[in-house]
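A structural walkthrough
Residues per chain are reported as follows:
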Amino acid sequence: MNITTICIGKTDEKAIELLLQKYENRLPSHINYQRIEIPDLKNRKNLSEIQQKQKEGEQILSKIQNTDFVIIMDEKGKQPTSMQFAQDIQNYMNQSVKNLVFVIGGPYGFDEPVYQRGNKKMSLSNMTFTHQMVRLFLTEQIYRGFSILQGKPYHHE
Ligand SMILES: C[S@@+](CC[C@H](N)C(=O)[O-])C[C@H]1O[C@@H](n2cnc3c(N)ncnc32)[C@H](O)[C@@H]1O
């Protein structure tokens, strides 16, 4: 299975980038993982919130193929436990999902067409995090999910 995370902008905090790479490098080798960082909008200050979301949305949708299974990261989405998330990943593999795509919004969230394209909305917490933090927390949970599936002593219940 291919797993892609789509984020808005570079990971600008060095500490977050280092931790992200740590978890990305630990993902199982049978997973073809990639992180797509959509370049930050150049003239963001001159654009309204709606215009920013529209432009980001167009960029996000251009990276998604028709057959991809798309999970929209959103604090109002379904909130699985780590065990349930691991089971979800197993189910996607059993269903032969080829491309599992997680999308993290920009500072103002998503434009409506992105929500409409999503197959599912997933939350990490009822609280709102920065989009920079969410890429790290999500990647750690993907690693944790595979650790659970592989019976590694990383997750403890
Ligand atoms: C700063 S938040 C934007 C929040 C904004 N209020 C909105 O309308 O979505 C940036 C992005 O981080 C992700 N995000 C933030 N908190 C999250 C959470 N608790 N669970 C899942 N994703 C989250 C979402 O993808 C969101 O679009």
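Everything below is about the structure shown above.
First, a word on scope: everything that follows refers to the structure included in this document. As the structure is a computational prediction, the values presented were derived from the model and not from experiment.

Check the secondary structure of the protein and you find five helices and five strands. For the protein, the succession of helices and strands along the chain, N to C, is β-α-β-α-β-α-β-α-β-α. Projected onto the principal axes, the alpha-carbon positions of the protein cover approximately 50 × 35 × 30 Å. Looking at the protein residue by residue over its 157 residues, the buried ones come to 49%.

Here we take up the sheet that holds strand β4 (residues 99-103). Strand pairing in a sheet relies on backbone hydrogen bonds, with the paired strands running either antiparallel or parallel. Strand order across the open sheet formed by five strands is β2-β1-β4-β3-β5, with parallel pairing between neighbours. Each having just a single partner strand, β2 (32-38) and β5 (120-122) make up the two edges of the open sheet. Strand-to-strand twist of the sheet, defined as the mean angle between neighbouring strand axes without regard to direction, takes the value 30 degrees. Sheet topology places strand β1 (residues 2-8) next to β2; seven bridges connect them, and they run parallel. When the sheet's bridge partners are listed, Thr-4 is paired in β2 with Gln-34. Strand contacts of helix α5 (residues 131-149): β1, β2, β3 (69-78), β4 and β5, with the helix running at about 165 degrees to β1, the strand carrying the most contacts.

Around the ligand, a shell composed of 19 residues is seen, among which Met-73, Gly-105, Leu-124, Ser-125 and Met-127 lie nearest. Between a nitrogen atom of the ligand and a main-chain N or O atom of Leu-124, the distance comes to 2.9 Å. Interatomic distance of 3.0 Å between a backbone N/O atom of Phe-129 and a nitrogen atom of the ligand. Computed on the free molecule, the ligand has an accessible area of 560 Å², of which 85% lies beneath the protein chains in the complex. Comparing atom positions with the cavity grids shows the ligand to sit within the largest pocket. Listed by contribution, the elements that provide at least two residues to the shell around the ligand are β3 and α5. With three residues, β3 is the largest single contributor of residues to the shell around the ligand.

Right, let's talk about the environment of Lys-78 for a bit. Within the secondary structure, Lys-78 sits in strand β3. Taking the C-alpha atoms as reference, Lys-78 lies 5.5 Å from Ser-123; in sequence the two are 45 residues apart.

Attention shifts here to the pairing of β1. The element β1 is largely enclosed, with a buried count of seven among its seven residues. What you see with β1 is no split at all: Asn-2, Thr-4, Ile-6 and Ile-8 on one side and Ile-3, Thr-5 and Cys-7 on the other are buried throughout. Inspection of the sheet shows β1 paired to β4 by five bridges, in the parallel sense. Pairing of Asn-2 across the sheet is with Asn-99, part of β4.

Another point: unusual backbone geometry. Backbone geometry places Ser-96, a non-glycine residue, at a positive phi of 60 degrees. On the secondary structure map, Ser-96 appears in the loop between α3 (82-94) and β4. Residue Ser-96 is classed as exposed on the basis of its relative accessible area of 59%.

Cut-offs used in this document
Every chain is numbered on its own, with residues counted from 1 as its sequence reads. Residues qualify for local features only when their pLDDT is at least 70, as the model is predicted, and side-chain atom pairs are given and counted only at 80 or more; totals for whole chains, interfaces and linings, by contrast, use all residues. Water and hydrogen atoms play no part in the side-chain values, which are based on all heavy atoms of the structure. Per the convention used, a helix needs a DSSP run of H or I reaching at least four residues, while a strand needs a run of E reaching at least two, with both numbered from the N terminus. With a 1.4 Å probe rolled over the protein chains alone, any residue whose accessible area is under 20% of its type maximum counts as buried; one over 50% counts as exposed, and the rest are partly exposed. By the convention used here, strands pair only if DSSP detects at least 2 bridges between them. Note on geometry: axes are lines fitted to C-alpha atoms, helical ones only across the stretch in contact, with angles between N-to-C directions running from 0 to 180 degrees. Here, residues are in contact when the closest pair of their heavy atoms is within 4.5 Å. One heavy atom within 4 Å of a molecule or strand makes the whole residue count as near it. For this analysis, a polar contact is any N or O atom pair within 3.5 Å, provided that within protein one partner can donate a hydrogen and the other can accept it, and provided that sequence-adjacent residues contribute only side-chain to side-chain pairs. Using a 1.4 Å probe, the Shrake-Rupley method yields the accessible areas, and only the shown protein chains count as cover for residues. Note on definitions: the grid is 1 Å and covers protein atoms alone; a cavity is a set of points where a 1.4 Å probe fits but cannot get out; a pocket is an open set with protein on both sides within 12 Å along at least five of seven lines; lining residues have an atom within 4 Å of a point. What decides whether a molecule sits in a cavity or pocket is whether more than half of its atoms lie within 2 Å of the grid points.

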